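Close look at the chain arrangement
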Amino acid sequence: MRVGTRYEGLVKFKKQFLLNNYLDPLSCPFLDKEIAASWLRSRNAGVDPYCKAVVQNLPSLEYIRQRDKKRFLIDVARPLLDSFSELIIKAGFTLLLNDASGFVLAQKGQPTVVPKIDEDTGYKIKCDESMAGTMAYNLCIQLKKPVQLSGAEHYCVTFHNLIASSAPVFDDSGNMLAVLTLSQPLPSYGVREEDKASSLSLVISMATIIENKLKLKNNCTRLKTAINGLKTTLSLIDKSAIIINNNGEIVLYNKNAKQLLEINDTGFENYNILDFIDKESRFHDLLKRWEKIDITDNIFKNKDTYNIKIRPITNYINEKAGMSILTFEHTNKANTLKGEKLGSSAFYKFENIIGESKPIKSAVAQGQRFALSTENLLLTGDTGTGKELFAHAIHNMNRPKGPFISVNCAAMPKELIESELFGYEKGSFTGAGSNGRVGKIEMADNGTLYLDEIGDMPLELQAVLLRVLQDKQVMRVGGNTYKKVDFRLITSTNKDLSRAIQENRFRPDLFFRISVLSIRLPSLKERREDISLLAKFFIGKYSEKKCILPPELSWETVKILDHYDWPGNIRQLENAMIYAVDLTRDNIIEPDNLPELLHHAGNDVPVKITGPNDKEFNIKKQEAELIKNAMLQTDNHVLLAADLLGMHRSTLYRKLREIGYTGAKQ
């Protein structure tokens, strides 16, 4: 077929179509079916095929507003359009960039059916098929693919002298942002397929380039947003946090990390994390594994110990680790935080110790002197005399910034105390946690380890503790390496350790190790002048908690308090005052408001507890009677009775077994 034969056939059919309203364009062999269907829709919509007005003038303000809304698209496309501008002008072509609503965003070349736009005047193409008929632009929007129309393929005669090629521009989500249209004059010799193919290929290529540039810009924006988000996240982490790539190069960091690595400049460019790590550290090999790892090690050249977490950041495309985030926390800080979380912080200081009597002032003076030492300290005294309060005060004077780790050796089951004190490695025994556990001794590093009720520590563990105190290093259960620890040891007991040594329940070498320094705390009956002072303090403390005025103590009540022997000491006194405040009605604590145990102490002389034939009971019998009375008062509830007596629940359980008491309730 000679050049133009197909197009000439189309032109003849178009003339007949314009004259015959009933001619079906789908019957034309020279017309693409999608174009023919568009002709039918245009004719049915009443579009005038001879209409010349295909643009709508926009007011200056609306044009500026619309242009600013699409500024991101214009800025991306403009460099590309400028690069083709000279070629388009020389060829007599027109290049338009329109959004999906018909708004002209950019224009290059000679204006044809669309007037030239400037900074103050813009146009909007009547893109609806029902208004402008079949056009490459609106058909491209409908079909969402490149479209080319040659001369008579357009519905309106106005475009019969043009070849128009349109290609869509999509965003990352597949939404159509714009249409790029290249218009060229129809050659006098007709239409050649190679001419059409070259212009369509050009406009498709330009649209693809714009899409890729948009994606690149969006990715850069997302990357910047992600980086800023990471920076913000890292800044909120109170540990030293660093992000590295697969080569160990530092990508991001926070302020704490910069201080840790002692970098003085403004960035970490050209720094590698391995430059800061001790060459002998196993950290070099761990980094290469790119796995989730938690370790505690001396990895830096200053030999300080850090808790380190390695967390690979997986690339969602190939599911491989592309980067890793590392966090470093000095073990001192970690142990302090763990101690606080466990409720083991030291709250009290020497100024919190109440008392004007000579015995308590002497004990405080001793404590203040011994607090300046680093030697092991043993606190002795009856239950409830304030041994833990003294331990707090000594710690806050000696190592206030370090952790205070408290362990009650009597309250802890025998089978658990070893793992609690020394920690364990993962899988070291049935039921061991998957990540292992740090022991209380390790947690006390650079702080204070307080072992309450040391006399109840199992004999087999005493030898292990003795070795820790001698070598200042600890090994976890199931472990094979030792870790150096530096802590101040304070122990306490209400038992006679000398007798325990004679009965082979306590090691003499451990006793001498823990009692380099010792303080005996006076019982409350040894400091009777402090009883009223302490009672008023506890009344005020509890009244403040209840938001009431503190009641006064009657003379008769003071007399009872002063004459009672207080076997539970200060703890029992505090519990008695709480009991009394709750029963007081007239803002005066009378004897009837006191617990039943205290009612026998209202004589002018200290009360004696006597047995048959007026012979004085021994201490064991006296204690047994007190326990039985407390259980009767509390309807056999152990927890309530323990509070009343001022002793630990586990201690009361043991004493109940010793005296053969049955019927105790939880």
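Heads up: the structure comes first, above all this text.
In this report, we go over the structure that sits alongside the text. Being a predicted model, the structure only gives us computed values, none of them experimental.

1. Quick word on the packing of helix α2 (residues 33-44) against helix α6 (residues 136-143)
Where α2 meets α6, the closest approach of the two axes is 12 Å, and the angle between their N-to-C directions is 110°. In terms of axis orientation, α2 runs roughly perpendicular to α6. For the pair α2 and α6, contact is made by E34, I35, S38 and R41 and by L139, Q142 and L143, respectively.

2. What to know about the packing of aromatic side chains
Within the structure shown, the criterion is met by seven aromatic pairs. Between F350 and F390, the aromatic rings sit 6.2 Å apart at their centres with planes inclined by 85°, giving edge-to-face as the arrangement. Within this pair, whereas F350 is found in the loop between α10 (331-341) and α11 (358-370), its partner F390 is found in helix α12 (residues 387-398), the two being separated by 40 residues in sequence. For the residue pair F350 and F390, the accessibility class agrees, reading buried in each case. Ring geometry for Y564 against W566: centres 4.9 Å apart, planes inclined by 90°, an arrangement best described as edge-to-face. You can call Y564 buried: its relative accessible area is 7%. Each member of the aromatic cluster is reached from another via a ring pair, and the members are F17, W39 and Y155. One residue, K472, lies across the ring of F487, its end atom 4.2 Å from the ring centre.

3. Brief notes about the sheet that holds strand β14 (residues 404-408)
The strand order β14-β17-β20-β13-β21 describes an open sheet built from five strands, whose pairing is parallel. Both edges of this open sheet fall to β14 and β21 (517-520), since each of them pairs with a single strand only. Pairs of neighbouring strands in the sheet enclose a mean axial angle of 15°, with direction left out of account. Where strand β17 (residues 447-452) meets strand β20 (residues 487-493), five bridges bridge the pair, whose relative direction is parallel. Bridge assignment links T448 to a residue of β20, and that residue is R488. Contacts between α11 and the sheet are confined to β13 (377-380), β20 and β21, with β21 contributing the most and set at about 160° to the helix. The strands that α12 touches are β13, β14, β17 and β20; relative to β20, the one it contacts most, it runs at about 165°.

4. Comments concerning helix α22 (residues 638-645)
Since the α-helix packs 3.6 residues into each turn, any two residues three or four apart lie on the same face. The set of residues buried in α22 consists of V638, A641, A642, L644 and L645. Each buried residue of α22 sits inside an arc of 160° when the element is viewed along its axis, so together they form one side.

5. Remarks on unusual backbone geometry
In the Ramachandran plot, K472 falls in the positive-phi region, its phi being about 55° despite a non-glycine side chain. Positionally, K472 belongs in the loop between α15 (459-471) and β18 (473-474). With a relative accessible area of 27%, K472 lands in the partly exposed category. The backbone of N587 sits at a positive phi, close to 65°, despite the residue not being glycine. Mapping N587 onto the fold places it in the loop between α20 (569-583) and β23 (588-589).

6. Looking at the nonpolar core
Core analysis: the biggest nonpolar cluster contains 34 residues, and L561, W566, L573, M577, L598 and L652 have the highest contact counts within it. Elements with a contribution of two residues or more to this core: α18 (531-546), α19 (555-563), α20, α21 (619-633), α22 and α23 (649-659). When residues no more than four places from it in sequence are discounted, the contact partners of M577 are A535, F538, I539, L553, L561 and L594. Membership of the second largest hydrophobic core comes to 30 residues, among which are I417, L449, L469 and V485.

7. A closer look at the environment of K387
Within the secondary structure layout, K387 lies in helix α12. Sequence-wise, K387 and T491 are 104 residues apart; in three dimensions their C-alpha atoms are separated by 9.1 Å. A distance of 3.0 Å separates the side chain of K387 from the backbone oxygen of D382, its partner in a polar contact.

8. Structural notes on the environment of P49
Positionally, P49 belongs in the loop between α2 and β1 (55-58). Expressed as a C-alpha distance, the spacing of P49 and A132, which sit 83 residues apart in the sequence, is 8.4 Å. Here P49 is in contact with L18, Y155, C156 and V157, once residues within four sequence places are set aside.

9. Notes on the pattern of salt bridges
Side chains that differ in sign of charge can pair as their charged atoms come close. Inspection of every chain in the model, using the stated rule, returns 20 salt bridges. Note that D456 is salt-bridged to K495, the shortest N-O span being 3.7 Å. Linking D456 in the loop between β17 and α15 with K495 in the loop between β20 and α16 (497-502), this pair joins segments that are 39 residues apart in sequence. Judged by its relative accessible area of 24%, D456 falls in the partly exposed class. A network of salt bridges, in which partner residues are shared, links R499, E503 and R505.

Parameters and conventions
- Residues numbered from 1 in each chain as written.
- Predicted model: local features only at pLDDT ≥ 70, side-chain atom pairs only at ≥ 80, totals over all residues.
- Heavy atoms only, no water.
- Axes fitted to C-alpha atoms, helices over the stretch in contact; angles between N-to-C directions.
- Helix = DSSP H or I, 4+ residues; strand = E, 2+ residues; numbered from the N terminus.
- Parallel < 35°, antiparallel > 145°, perpendicular 65-115°, else oblique.
- Contact = heavy atoms within 4.5 Å.
- Phe/Tyr/Trp six-rings, centres within 6.5 Å; stacked < 30°, edge-to-face > 60°.
- Buried < 20%, exposed > 50% of the residue type's maximum accessible area, 1.4 Å probe, protein only.
- Lys NZ or Arg CZ within 6 Å of the ring centre and 35° of its normal.
- Pairing = 2+ DSSP bridges.
- Arc of directions from axis to C-beta.
- Core = buried A, V, L, I, M, F, W, Y, C linked by side-chain atoms within 4.5 Å.
- Polar contact = N/O pair within 3.5 Å; in protein donor to acceptor, adjacent residues only side chain to side chain.
- Salt bridge = Lys/Arg side-chain N within 4 Å of Asp/Glu carboxyl O.

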